[in-house]
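Summary of the model geometry
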Amino acid sequence: MNEIIREIEAAQLKAEVPAFETGDTVRVYGKIKEGNRERVQVFEGVVLKKQGGSNRATFTVRKSSNGVGVEKTWPLHSPNVEKVEVVRKGKVRRAKLNYLRDRVGKSAKVKEVVK
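Please read these numbers as outputs of a predicted model, since none were measured by experiment. (Residues numbered from 1 in each chain as written. Predicted model: local features only at pLDDT ≥ 70, side-chain atom pairs only at ≥ 80, totals over all residues. Heavy atoms only, no water.)

Attention now goes to the overall build of the chain. The helix and strand tally for the chain stands at one helix and five strands. Moving toward the C terminus, one meets the helices and strands of the chain in the order α-β-β-β-β-β. Structurally, the chain occupies a C-alpha span of about 50 × 40 × 30 Å along its principal axes. Taking all 115 residues of the chain together, 28% fall into the buried category. Here the contacts in the chain between residues at least 6 apart in sequence split such that 50% fall between residues at least 24 apart. Computed over 26 positive and 14 negative side-chain charges, the separation of the two mean positions in the chain equals 8 Å. (Helix = DSSP H or I, 4+ residues; strand = E, 2+ residues; numbered from the N terminus. Buried < 20%, exposed > 50% of the residue type's maximum accessible area, 1.4 Å probe, protein only. Contact = heavy atoms within 4.5 Å. Lys, Arg positive; Asp, Glu negative; His and termini not counted. Charge placed at Lys NZ, Arg CZ, Asp CG, Glu CD.)

This is how it looks when you write it as structure tokens:
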């Protein structure tokens, strides 16, 4: 039974998974359906967390829009996520950045990795 489930899940996985980590600033290109038309909308923000495995893996992106914090959780292997582009790499020491929700302004920023 487990083998059948694994085969079905493997068929749903994307061939290329973008390489990004928690704390990175990313641009997510998401497909949006409006009536019978389909367009791509960009959502740019900091990755708060990555969770799950296999085809159930998700990641949460947070941005500030007009002074209001907006979070969106995206399925990693969804066909509605066209691509994920890393804008800058962040330097963080934890896996989940829930503390950023309470912060505003400069304290809500994540340090950038210097190469």
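Once the structure has been displayed, the description carries forward.
A word on the layout of surface pockets. Quantified by volume, the largest pocket comes out at close to 400 Å³. If you go around the largest pocket, you meet 18 residues; those closest to its centre are Val-46, Arg-62, Lys-63, Ser-64 and Ala-108. Secondary structure elements with two or more residues in the lining of the largest pocket: strand E2 (37–51), strand E3 (58–65) and strand E4 (68–75). Grouping the amino acids of the lining of the largest pocket by side-chain chemistry returns six nonpolar, six polar and six charged. Of the pockets and cavities examined, the second largest pocket occupies roughly 180 Å³. As for the second largest pocket, its lining consists of Lys-91, Val-92, Arg-93, Tyr-99, Leu-100, Arg-103, Ser-107, Lys-109, Val-110 and Lys-111. In the lining of the second largest pocket, the residues fall into four nonpolar, one polar and five charged. (1 Å grid on protein atoms, 1.4 Å probe; cavity = no way out; pocket = protein on both sides within 12 Å on 5 of 7 lines; lining within 4 Å. Points joined across faces, edges and corners; volume = space filled by probe spheres on them. Nonpolar A, V, L, I, M, F, W, Y, C, P; charged D, E, K, R; others polar.)

It is worth spelling out a nonpolar patch on the surface at this point. On the surface, Met-1, Ile-4, Ile-5 and Ile-8 cluster together into a nonpolar patch covering about 440 Å² of accessible area. Positionally, Ile-4 belongs in helix H1 (residues 2–12). (Patch = residues over 30% accessible without salt bridge, like charges linked within 9 Å, V, L, I, M, F, W, Y side chains within 5 Å. Areas by Shrake-Rupley, 256 points an atom, 1.4 Å probe, with all protein chains shown as cover. Salt bridge = Lys/Arg side-chain N within 4 Å of Asp/Glu carboxyl O.)

Assignment of secondary structure puts Arg-101 in the segment after strand E5 (81–88). Residue Arg-101 is classed as partly exposed on the basis of its relative accessible area, which comes to 35%. In the structure, Arg-101 is positioned 53 residues away from Leu-48 in sequence and 9.3 Å away in space, judged by C-alpha atoms. Here Arg-101 is in contact with Leu-48, Arg-62 and Glu-71, once residues within four sequence places are set aside. Within the local environment of Arg-101, its side chain forms a polar contact with the side chain of Asn-98, the two groups lying 3.2 Å apart. (Polar contact = N/O pair within 3.5 Å; in protein donor to acceptor, adjacent residues only side chain to side chain.)

For the rest of this paragraph, the subject is the sheet that holds E4. With antiparallel pairing, the five strands of this open sheet are ordered in space as E4-E3-E2-E1-E5. Edge positions in the open sheet fall to E4 and E5, since each of these has one partner strand only. Between one strand axis and the next, the sheet turns by 40 degrees as a mean value, whatever way the strands run. Taken together, the eight bridges between E3 and E4 define a ladder with antiparallel strand orientation. When the bridges of E4 are listed, Thr-60 appears paired with Thr-73. (Pairing = 2+ DSSP bridges. Axes fitted to C-alpha atoms, helices over the stretch in contact; angles between N-to-C directions.)

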